[in-house]
Amino acid sequence: MPGWNYADIWERVAERIGDAPALVQGSTRRTWAEFDRRADGIAKHLLDAGVAQQDKIAIYLYNCPEYLEAMYGAFKISMVPVNTNYRYTLDELVYLWDNSDSVAVVFHGSFVPTIDKIRDKVAVRIWLWVDDGTEPCPTWATPFEDAATSATERTAAPWARSGDDLNFMYTGGTTGMPKGVMWRQDDLIRATLGGVNPMFRDGDADLGVIDLTVNAPGMVQTPACPLMHGTGQFTSLIFLSMGGSVVLLEERTLDIAEMLDKVQSEKINALAIVGDAFAKPMLKALDAEPDRWDISSLLTITSSGVMWSEETKQGLLRHHPGMMLVDAFSSSEAIGLGQSVSTAGGSAKTAKFVLGENSRVIADDGTEVLPGDGRRGKVAVRGFTPVGYYKDEEKSAATFIRIGDDTYSMPGDYATVDEDGTLVLLGRGSVCINTGGEKVFPEEVEEALKLHPTVHDAVVVGIPDDKWGQSVNAVVQLWPEESLDEAGLQAHVKSCLAAFKAPKRIVQIDTIGRAANGKVDYKRLTGFVADELGVELPA
């Protein structure tokens, strides 16, 4: 087998434990055999529609079994799944599907009105409608269920699968518009699954590993965060590849009671969350009703995308000391930069991570930051890294760099290295805002604000927030004689961009104070906003 491929792995799992659970959401329960055959149906429908090797298929869905079935069907015939943020507005969707060259889209019925407005602006020719009890299937789409039940035997493409087959993970990153991180499946599997089981990381890809490791139903995992983001998607792929099952929540916004109910009823072993936005409400619920839920089945809770506080971790451990709480320092572009692990017997300080075995910190002069030398640098990881950003050679060259004989992924996170070798994260070198795991590029929001007739200039900054990690805030310089209408400006931004990008608060300033080259002092303006809002910034 020329490299690891998800379809090869999952087909072997289905052959070994076909009657075991694979996907669960509410009353929907799919065994591995059903998961496999339904993916065959999706693959058959796409082949019959004339797709080609490595064609792109966008997945525009809330969390649901069809999300992973669509990915599996795409993997079977060497198509490339493209995650689509369901919060995006019309222009953002057009950009994403055009930039990714998507020829097919799988979408929930609730998105029919949105797609109707942009269908003539994209080159998509295959539409698969997933029934969610809202909009009926339009004439220009095919019901997903019809496609999923169309195969009676294994579907295979006329071309061979390979570890070189790609999976795209679009991320807002720090460059404004979303960028498609191109992962070879072999590299992604070795970087993620290989971190759990070294047999998937070292040596040749050999399906005999599945025969050795999958003999019974595996662990039960729930991505409490969206599958459209790396944290939810990559963790789900790991557990499926180990013969486990994925339990998806039904509510489309975070419902802590539902999540804890499922932990108890489905005996969930692993949760994937995004920082304190998930962990703090979970702790609050457990503190309020300590005898309501049995969470003893949980072995691990993993957070990635935004740090979560050690105080919250220790609070959760009081309710179940047997858990391991993992703060994974990774991104869509770089897996294994470092991690922080908390248990009942030990803890790690917030924002401190153990450097991954293939990671290093590189100063701006290109030299390595050594423990205790007091310098800061960008964290980089070598080994299994993405190919680059889709159709963006300049950004690829800046992020995926050669150091000696190795290629390092360097997304832009700055850190220092303590004498004991632990990392102290300082944040992105740019001004990218990470709010609840969503990355917001300030210039995009600034441009939206400046389109409003009352706004002369605007700067957007991130302010520390207990719930979201950072909140999006703006400082505006208005035209003479204009007065600040905070709610009106927020509504204006939401009409242009996804709602999560809109500023939580907007304050007014006499002048932004741009330099002659047009640049602004983000540090000064962040301090101004913090003072106006009565927020204390970290030293």
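Just so you know, these numbers come straight off a predicted model, no measurement behind them. (Residues numbered from 1 in each chain as written. Predicted model: local features only at pLDDT ≥ 70, side-chain atom pairs only at ≥ 80, totals over all residues. Heavy atoms only, no water.)

Chemist: Explanation requested: the packing of helix H11 (residues 276-288) against helix H12 (residues 310-319) in the structure shown.
Modeler: Packed helices, taken two at a time, are described by their axes: the angle between them and the distance between them. Contact geometry for H11 and H12: axes closest at 10 Å, N-to-C directions at 40°. In terms of their interaxial angle, H11 and H12 are classed as oblique. Helix-helix and strand crossings are classified by hand; for H11 and H12 the assignment is left-handed. Only Thr312, Gly315, Leu316 and His319 of H12 make contact with H11, whose side of the interface consists of Asp276, Ala279, Lys280, Met282, Leu283, Leu286 and Asp287. Counted by class, the contact of H11 with H12 contains five nonpolar, three polar and three charged residues. (Axes fitted to C-alpha atoms, helices over the stretch in contact; angles between N-to-C directions. Helix = DSSP H or I, 4+ residues; strand = E, 2+ residues; numbered from the N terminus. Parallel < 35°, antiparallel > 145°, perpendicular 65-115°, else oblique. Left-handed = near helix turned anticlockwise from the far one by under 90°. Contact = heavy atoms within 4.5 Å. Nonpolar A, V, L, I, M, F, W, Y, C, P; charged D, E, K, R; others polar.)

Chemist: Sorry if this is basic, but what is going on with the pattern of salt bridges here?
Modeler: Side-chain pairs of opposite charge can arise whenever the charged atoms involved come near each other. Applying the stated criterion across every chain, the model contains 36 salt bridges. Residue arginine 292 is joined to glutamate 289 by a salt bridge in which the shortest nitrogen-to-oxygen separation is 3.0 Å. Residue arginine 292 is classed as partly exposed on the basis of its relative accessible area, which comes to 41%. The class of glutamate 289 is partly exposed, set by a relative accessible area of 37%. Salt bridges here are not isolated pairs; linked through shared partners, they connect Asp8, Glu11, Arg12, Glu15, Arg16, Asp36, Arg37, Asp40, Lys76, Arg154, Arg161 and Asp211. (Salt bridge = Lys/Arg side-chain N within 4 Å of Asp/Glu carboxyl O. Buried < 20%, exposed > 50% of the residue type's maximum accessible area, 1.4 Å probe, protein only.)

Chemist: Please explain the nonpolar core as it appears in this structure.
Modeler: Across soluble globular proteins, nonpolar side chains have a tendency to be buried as a group. In terms of nonpolar packing, the biggest core is built from 114 residues, with Trp10, Trp32, Trp97, Phe107, Trp127 and Leu449 touching the most fellow members. With seven residues, helix H3 (residues 65-76) is the largest single contributor of residues to this core. Setting aside residues no more than four positions away along its own chain, phenylalanine 107 makes contact with Tyr60, Leu61, Val112, Ile115, Trp127, Leu128, Trp129, Val130, Pro138, Trp140 and Ala141. The next biggest cluster of nonpolar side chains, apart from the first, holds 31 residues, and it includes Ile268, Ala277, Leu283 and Leu325. (Core = buried A, V, L, I, M, F, W, Y, C linked by side-chain atoms within 4.5 Å.)

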